[in-house]
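Below, each chain spelled out in residue letters.
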2 protein chains.
Amino acid sequence: MERLIIIGGGAAGMTAASWVRRLKPNMHVTVFESTKMVSHAPCGIPYFTEGLFDDENLFMTYTPEYFIEKRKINVKTNSKVEEVDLRSRIVVVRENQEKRKYEFDYLLFSTGARPKKINAEGDRIFYVHHPAEASYIRQKLWSFNRIAIIGGGILGIEMAEALRARGKKIVLIHRGRYLLNKMLDEDMGKIVTDKVESEIELKLNESLVSVIEEGRVVITDKGKYDVDATVVAIGVEPNIDLVKDQLKIGQTGAIWADNHMRTSVENVYAAGDSTESINIITKKPDWVPFAPVANKMGFVAGNNIGGKDVTFPGVVGTMITKFEEFIIGKTGVTENEAKRYNIKTVSAIVHHKTRARYYPGSKDIIVKLIAEADTMRIIGAQIVGEEEVLGRLNMMAAVIQKGFTAEDLFFVETGYVPPVNRVWDVVTLAARKLFSGISGE
Amino acid sequence: MERLIIIGGGAAGMTAASWVRRLKPNMHVTVFESTKMVSHAPCGIPYFTEGLFDDENLFMTYTPEYFIEKRKINVKTNSKVEEVDLRSRIVVVRENQEKRKYEFDYLLFSTGARPKKINAEGDRIFYVHHPAEASYIRQKLWSFNRIAIIGGGILGIEMAEALRARGKKIVLIHRGRYLLNKMLDEDMGKIVTDKVESEIELKLNESLVSVIEEGRVVITDKGKYDVDATVVAIGVEPNIDLVKDQLKIGQTGAIWADNHMRTSVENVYAAGDSTESINIITKKPDWVPFAPVANKMGFVAGNNIGGKDVTFPGVVGTMITKFEEFIIGKTGVTENEAKRYNIKTVSAIVHHKTRARYYPGSKDIIVKLIAEADTMRIIGAQIVGEEEVLGRLNMMAAVIQKGFTAEDLFFVETGYVPPVNRVWDVVTLAARKLFSGISGE
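Residues numbered from 1 in each chain as written. Chains lettered and ligands numbered in written order. Predicted model: local features only at pLDDT ≥ 70, side-chain atom pairs only at ≥ 80, totals over all residues. Heavy atoms only, no water.

In the UniProt entry, the feature "domain: FAD/NAD(P)-binding" (unreviewed entry) is given for residues 3-285 of chain A. The span residues 3-285 of chain A is 20% helical and 28% strand by assignment, and the distance between its end C-alpha atoms comes to 31 Å. (UniProt positions renumbered as here; feature names shortened; annotations may be inferred. Helix = DSSP H or I, 4+ residues; strand = E, 2+ residues; numbered from the N terminus.)

Next up, the structure:
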């Protein structure tokens, strides 16, 4: 009987396991997960920290028991893989204080990402990443009053919202000129920054020097902050120490895999946040550590291990977050990124409303579209708004993946009914502005 | 100086006028509009009737004065064109009780649609169509108590919601087996029908025989209803009497035009609800009398009259409406329609939620996708849900217009953040179900 070992029971690993099980009922599938949770995603931690729910089992799409009983997958939680030998095809696992060896025919490496660390230690320094630690961290953070958050990316602003909702005094320290500066261009990022700054003490253009006193003092190049605790949210990195000397590592620092999620070693696959991909726009390696990509990579790996022939098309880099009533999304490349890839761009920003002028409750929505100047192909979109951001963002991901021009996008037959749109959709107007230079309805 | 006459100052006419003005500053542009309003759309009438707003100027995107002063367009309201002679290139207009002749070099025919009438008269029978009549109709309807609505299409259910919100007792009489039966297949239509039926007296499978007593008695093939007034919402038809003997009329009964909005007569254009188009999926003539299509046809006509070369790509038939908290959308063909065109289909329905399981306020959303069986190309989508329906519908319009397969759609890199989505978007799951037969997260 063929044996598949999956290292890491997150989104990618469990999705792959489920598909292999369906497609090869006789394959022996074992998942080693170092924590007590599987099919988990860290995206919920800010909302758990805010106190919007208390049952940490809700972090899991399905429980280990479900996978074991319903899907006949041999899931081993609290089982940490300590060694991998791809040549002799063996993994060494610590289970219940005991080391055991397992052989495999196929291996899927799906160990995800981990938070980048700062050079400081202390029991009041917190990294918010794994749901298995969420209860502990929440209990601690709730006991403090003034909290520093280091990093103004997605996690930083989500944690700022959550902790502020708990009544904490926050100081958010960010190295960049504006928030979300890896996700948005300055024109759009400024809108988000102004909103956050109106509600939270925000320090921009400040670089961390050190965190001392167990997390009670944050020192930057511009100031010193006395706090009760420090949350570090300066980004993530692929969690690949186990195999980094045995597998080809890509330019992004994550594991290289082809479009079937095959690594450089035969019958060894990689999927999820530990794996890099190809950017559909730039055709260059890219690393998009978010759950929808991880799930789809897991789907591709599982299908291919299961004997099908499924191709992962690459990534466009869709991201979405929320701060208070603002939903903030981006897909494709920003103008900043395009510049780095020497892509000449044109762009258009349209401020619009989400409902007819006479319909109550209309909200603001702002869309920036970016096109390649030569071809007018849409290569990026950034959206900030209070409703109907997600679907428009998904639409733009589709548009970018298939290479629509601005004119193609203008002619998409958008829907209109006064309670949920204007006759001219904001995306339609932005597309028209791109190819005609004219704004307005 | 070249002279353009536009008959009909609705969405298509005014959009075209504006583009011609930009592109040919020296062309003399005159718009004849029979009512007092321009750039109006009937879509707002149910919400006006509900009492959500009182200023009828809000029906207009821009006022006649705006077009005259800011855009230098010669707009003549209350000016009814009574004759058109395409051979001698003359129109006869009744303005202020006086008939006047105007010559043209270019003509744009954009007279829109009008409600289909029943064979009955009376001052308690109402057709809800033109914003210029909205105040009168609202005042009358508000004075009644029990109101019959004939027709369970988009306008019928919107008026039912509006009048119910005003405290009226409604009986909604519909010929079909379920509501919105031209827009939705029965499986999705049933969901809407159940919702409407839980709040409004609904008579399905009943055909109108007559309305008597000035609108106070409705007689169907199954019953007799004593009411205070009757609202007729049995559909619209192209408003083309003026030129129907001089222009080629298409299979749908609307004016035929090519993809530049040129009619069968040189320098005579048509755009908007009076004009037919080609369905992108079936490649057959189709008629989609909704404002976004009308606006884009106006854009194409205006650009081409203005000397540019812009092509209208055809229609996919996007529609969206609302009943109470349900937003209901459709784009592409239904399975019913596909059958009529002998397209073999497969379909998938997924019931899902709009937010993470742990995030408060999660709403239901149901998506039906339809693919051509041979190619797995997506050709239709129907969505019923309580939030984020519009953007997903627009995404599906884009997907259908560009011929995505189910697999292409599955791999669109959708966004995920717990307050506005699940990790697997409902559209992604439906696409996966289509090509794998498997549902679930």
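From this point, the narrative continues.
In the sheet, strand β5 (residues 90-95) of chain B pairs with strand β6 (residues 98-103) of chain B via six bridges, with the strands oriented antiparallel. Residue pairing in the sheet places Val91 of chain B in a bridge with Tyr102 of chain B of β6 of chain B. (Pairing = 2+ DSSP bridges.)

Okay, the nonpolar core next. Among the nonpolar cores identified, the biggest contains 249 residues, and Ile328, Leu369 and Leu409 of chain A together with Ile328 and Leu409 of chain B are the most heavily contacted of them. Not counting the four nearest positions on each side in its chain, Leu409 of chain A is found in contact with Leu369, Ile378, Met395, Met396, Val399, Phe404, Val427 and Ala431 of chain A. (Core = buried A, V, L, I, M, F, W, Y, C linked by side-chain atoms within 4.5 Å. Buried < 20%, exposed > 50% of the residue type's maximum accessible area, 1.4 Å probe, protein only. Contact = heavy atoms within 4.5 Å.)

Time to look at the domain arrangement of chain A. Residue and element names in this part refer to chain A. Its domain assignment divides chain A into domain 1 (3-113 + 237-305), domain 2 (117-234) and domain 3 (325-436). Placing the centre of domain 1 and that of domain 2 at their C-alpha centroids yields a distance of 29 Å. In this assembly, 20 residues from domain 1 lie in contact with 19 residues from domain 2. For the pair domain 1 and domain 2, the summed buried area comes to about 1600 Å², and 65% of that belongs to carbon and sulfur atoms. When the area that domain 1 buries against domain 2 is broken down by residue, the three leading residues are Ile45, Thr49 and Glu50, summing to 34%. For the pair domain 1 and domain 2, the interface holds one salt bridge. There are eight residue pairs in polar contact (both at pLDDT 80 or more) connecting domain 1 and domain 2. Sorting elements by how many residues they give to the side of domain 1 that touches domain 2 places helix α2 (residues 45-50) first, with six residues. Here the side of domain 1 that touches domain 2 is composed, by residue class, of 11 nonpolar, four polar and five charged. (Domains from an automatic or database assignment. Buried area = accessible area lost by both parts, 1.4 Å probe. Salt bridge = Lys/Arg side-chain N within 4 Å of Asp/Glu carboxyl O. Polar contact = N/O pair within 3.5 Å; in protein donor to acceptor, adjacent residues only side chain to side chain. Nonpolar A, V, L, I, M, F, W, Y, C, P; charged D, E, K, R; others polar.)

A few words on the UniProt feature "domain: Pyridine nucleotide-disulphide oxidoreductase dimerisation" (unreviewed entry) in chain A. The UniProt entry lists residues 321-421 of chain A under the feature "domain: Pyridine nucleotide-disulphide oxidoreductase dimerisation" (unreviewed entry), expressed in the numbering used here. Helix makes up 23% of residues 321-421 of chain A and strand 36%, and the two end C-alpha atoms of the span are 22 Å apart.

All names here are of chain A. In this structure, Lys72 sits in the loop between α3 (64-69) and β3 (74-76). Between the C-alpha atom of Lys72 and that of Ser18, which follows or precedes it by 54 residues, the distance is 9.0 Å. Apart from residues lying up to four places away in sequence, Lys72 is in contact with Arg21 and Phe67. At 2.9 Å, the side chain of Lys72 forms a polar contact with the backbone oxygen of Glu69.

Let us look at the relation of the copies chain B and chain A. For these two chains of identical sequence, chain B goes onto chain A by a turn of 180 degrees and a shift of 0.0 Å along the axis, with RMSD 0.0 Å. Those values place the two copies in the arrangement expected of a two-fold rotation axis. When the interface residues of chain B are mapped onto chain A, 100% of them again lie at the interface, so the same face is used by both copies. (Least-squares fit on C-alpha atoms with pLDDT ≥ 70 in both.)

Residue and element names in this part refer to chain B. Its place among the elements puts Thr111 in the loop between β7 (106-109) and β8 (113-115). Looking at Thr111, the relative accessible area reads 19%, which means it is buried. Here Asn239 takes part through its backbone oxygen, which lies 2.6 Å from a polar atom of the side chain of Thr111.

So, about helix α9 (residues 390-401) of chain A. In an α-helix, one turn spans 3.6 residues, which is why side chains three or four residues apart end up on the same side. All names here are of chain A. Taking 1.5 Å of rise per residue, 12 residues should cover 16 Å, and α9 covers 16 Å from first to last C-alpha, within 8% of that figure. When you tally the buried positions in α9, you get 12 out of 12 residues, the bulk of the element. Inspection of α9 places Leu390, Gly391, Arg392, Leu393, Asn394, Met395, Met396, Ala397, Ala398, Val399, Ile400 and Gln401 among the buried residues, and these make up the whole buried set. (Expected span 1.5 Å × (residues − 1).)

Turning to the sheet that holds strand β23 (residues 345-353) of chain A, a few remarks are in order. All names here are of chain A. Strand order in the open sheet made by the five strands is β21-β22-β25-β24-β23, with antiparallel pairing throughout. Both edges of this open sheet fall to β21 (319-323) and β23, since each of them pairs with a single strand only. In this sheet, adjacent strand axes meet at a mean angle of 10 degrees when their direction is disregarded. With nine bridges joining them, β23 and strand β24 (residues 364-372) adopt antiparallel strand pairing. By the bridge assignment for β24, His351 is matched with Ile366. The strands touched by helix α5 (residues 154-165) are β21 and β22 (326-332); relative to β21, the strand with the most contacts, the crossing angle is about 25 degrees. (Axes fitted to C-alpha atoms, helices over the stretch in contact; angles between N-to-C directions.)

Tallying the contact residues gives 75 residues for chain B and 77 residues for chain A. In this assembly, chain B packs against chain A so that about 6400 Å² is buried in total across both faces, 68% of it on carbon and sulfur atoms. On the chain B side of the interface with chain A, the three residues burying the most area are Tyr358, Phe411 and Glu413 of chain B, jointly 13% of the side's total. The salt bridge involving Asp408 of chain A is made with Lys402 of chain B; its shortest N-O contact spans 2.9 Å. Applying the counting criterion to the chain B and chain A interface returns 31 residue pairs in polar contact (both at pLDDT 80 or more).

All names here are of chain B. Compared with the 16 Å implied by 1.5 Å per residue over 12 residues, the 17 Å span of helix α5 (residues 154-165) between its first and last C-alpha is a close match. Within α5, nine of the 12 residues are buried, which leaves it mostly tucked inside the rest of the structure. Buried residues of α5: Ile154, Gly156, Ile157, Glu158, Met159, Ala160, Glu161, Ala162 and Leu163, and no others. At the C-terminal side of α5, Gly167 shows a positive phi close to 90 degrees.

Take the packing of helix α1 (residues 11-23) of chain A against helix α7 (residues 291-305) of chain A next. Residues and elements named next belong to chain A. Relative to each other, α1 and α7 sit at 30 degrees, their axes nearing to 7 Å. Taken together, the axis directions place α1 and α7 in an arrangement best described as roughly parallel. Considering the relative orientation of α1 and α7, their crossing is right-handed. Judged by residue contacts, Ala11, Ala12, Thr15, Ala16, Trp19, Val20 and Leu23 of α1 engage Ala294, Asn295, Gly298, Phe299, Gly302, Asn303 and Ile305 from α7. Here the residues of the contact of α1 with α7 sort into nine nonpolar, five polar and no charged. (Parallel < 35°, antiparallel > 145°, perpendicular 65-115°, else oblique. Left-handed = near helix turned anticlockwise from the far one by under 90°.)

This paragraph deals with the pairing of strand β13 (residues 208-212) of chain B. All names here are of chain B. As paired elements, β13 and strand β14 (residues 217-220) share four bridges and run antiparallel to each other. Bridge pairing in β14 places Leu208 opposite Thr220. Between the antiparallel neighbours β13 and β14 lie four residues, among them Glu213 with a positive phi of about 55 degrees.

Residues and elements named next belong to chain B. Mapped onto the elements of the fold, His260 is located in the loop between β17 (236-238) and β18 (268-270). Look at His260 and you get buried, because its relative accessible area is 11%. Once residues lying within four places of it in the same chain are set aside, the contact partners of His260 are Tyr269, Val300, Ala301, Asn304, Asp309, Val310 and Thr311.

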